[in-house]
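Fold and geometry: a report
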Amino acid sequence: MIESAKLAGLLQGPLVWLPATLAIYAAATALWRRHGKAPILNPTMLSIIAIGTVLLASGVPYPAYLDGVAILNYVLGTAVVALAVPLHRHIHLLQGRTLKLAVALFAGSTTSLVLGLIVAKAAGASLETILSIAPKAATAAVSIEIARGIGGLPGLTAVVTIMTGITTAVVGPYVLDLLGVRAPETRGLALGVSGHGIATARAFSESEAAGSFASIGTALNASLTAALVPLAVWALGLM
Amino acid sequence: MLQSLVVLMFFQLLGELLVQATGLPLPGPVCGMLFLLAWLRSGWTLPVELTGVATGLLDHFGLLFVPAGVSIIGFGALIMRDGPAIVLALMLSIAATVAITACAFGRRQAAQREARSRSVP
């Protein structure tokens, strides 16, 4: 028999929560694959719900869990650096279209950011919430860091960012069909700028070209959003 | 694999150091990514298996933001209060972002190119 004090000690370190998080994520990914990678079964979302439920049911506080999985937070930064590799691989697709891309990227990024802020404010959201949803179009790793920097709630930002990706993956293709957009490059870029990695996965399911442009949109918008959010928050007098 | 991880972590550290030193309003890892991109574009030497390691890391990208996402368990009251505003802000801004990005990049680009290539025998 393990004494309860020892058991409580185990629940603080990485011994329980690191393998539990990996196992839950692996199971969620398997479920998602089995159902044709349906955006609504996003493995990150399912894992957050599952682990959150376990923590609430067992009464383990969030900081104790975070202690156990701190290494994943560090590796998140490493993975963001690694985004340079696919970006480098696809950058040749942009030859001769850099100006158009810059305009589209800037227009999309600004719309996502400013409209999100204005609608949330008009709908009566609290300042914390408004600041937390501002960076939602950047890939989660980046949006979390941006939220930390401007006084938002990183956890809320993580969830809102994932919701943004899922919503873009589900709603984005309908909007593009409605507008009669058929060019795979344009479809990919629009999905990537609005919905980062999750919508990029959706773009790859349309075609390789759409997926590559979505990757470019994701990587570039992560950088641009990081630069624009503090500016917009300051300009709208929210900080 | 180890060499590639060291390279990625070195650029991560470099980005973080630069952000700390200059107070740039950019997350450290984004800065590190831009440095690595510049390095890749310059064609300087890098471990051969860097692409494989980067792809491997990015294949499990979703796992890495689970820890931050789980902190949502502390926001029950906030979600109850601001949930509808969040959903409204997401729906409107996403539909507008997709539409505006697509229109700005040129929604008939491929069709026009196709037409042009067809007209040349």
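Up top is the structure these notes are about.
The following paragraphs examine the structure supplied in this document. (Residues numbered from 1 in each chain as written. Chains lettered and ligands numbered in written order. Predicted model: local features only at pLDDT ≥ 70, side-chain atom pairs only at ≥ 80, totals over all residues. Heavy atoms only, no water.)

Here's the deal with the overall build of chain B
On a plain count of helices and strands, chain B comes out with 7 helices and 0 strands. Mapped from its N terminus to its C terminus, chain B presents α and β elements in the order α-α-α-α-α-α-α. For chain B, buried positions account for 46% of its 121 residues. Taking contacts inside chain B between residues at least 6 apart in sequence as the whole, the part at least 24 apart equals 49%. Counting only carbon and sulfur atoms, one obtains 70% of the accessible surface of chain B, whose full area is about 6300 Å². (Helix = DSSP H or I, 4+ residues; strand = E, 2+ residues; numbered from the N terminus. Buried < 20%, exposed > 50% of the residue type's maximum accessible area, 1.4 Å probe, protein only. Contact = heavy atoms within 4.5 Å. Areas by Shrake-Rupley, 256 points an atom, 1.4 Å probe, with all protein chains shown as cover.)

Here's the deal with the interface of chain B and chain A
If you look at the interface, chain B gives 65 residues, while chain A gives 93 residues. When chain B packs against chain A, the two sides together hide about 6900 Å² of surface, and 80% of this comes from carbon and sulfur. For the interface between chain B and chain A, the tally reads 0 salt bridges. Viewed at the interface, chain A and chain B are joined by 12 residue pairs in polar contact (both at pLDDT 80 or more). Looking at which element gives the most residues to the side of chain B that touches chain A, the answer is helix α6 (residues 76-105) of chain B, with 24 residues. Of the residues in the side of chain B that touches chain A, the class split is 48 nonpolar, 12 polar and 5 charged. (Buried area = accessible area lost by both parts, 1.4 Å probe. Salt bridge = Lys/Arg side-chain N within 4 Å of Asp/Glu carboxyl O. Polar contact = N/O pair within 3.5 Å; in protein donor to acceptor, adjacent residues only side chain to side chain. Nonpolar A, V, L, I, M, F, W, Y, C, P; charged D, E, K, R; others polar.)

Comments concerning the nonpolar core
Tyr65(A), Val142(A), Leu156(A), Leu8(B), Leu36(B) and Phe61(B) are the most contacted members of the largest nonpolar core, which totals 105 residues. Per-element tally for this core: the top contributor is helix α12 (residues 208-235) of chain A, with 11 residues. Non-local contacts of Val142(A), meaning those with residues more than four positions away in its chain, are made with Val80(A), Ala222(A), Ala226(A), Pro27(B) and Val30(B). (Core = buried A, V, L, I, M, F, W, Y, C linked by side-chain atoms within 4.5 Å.)

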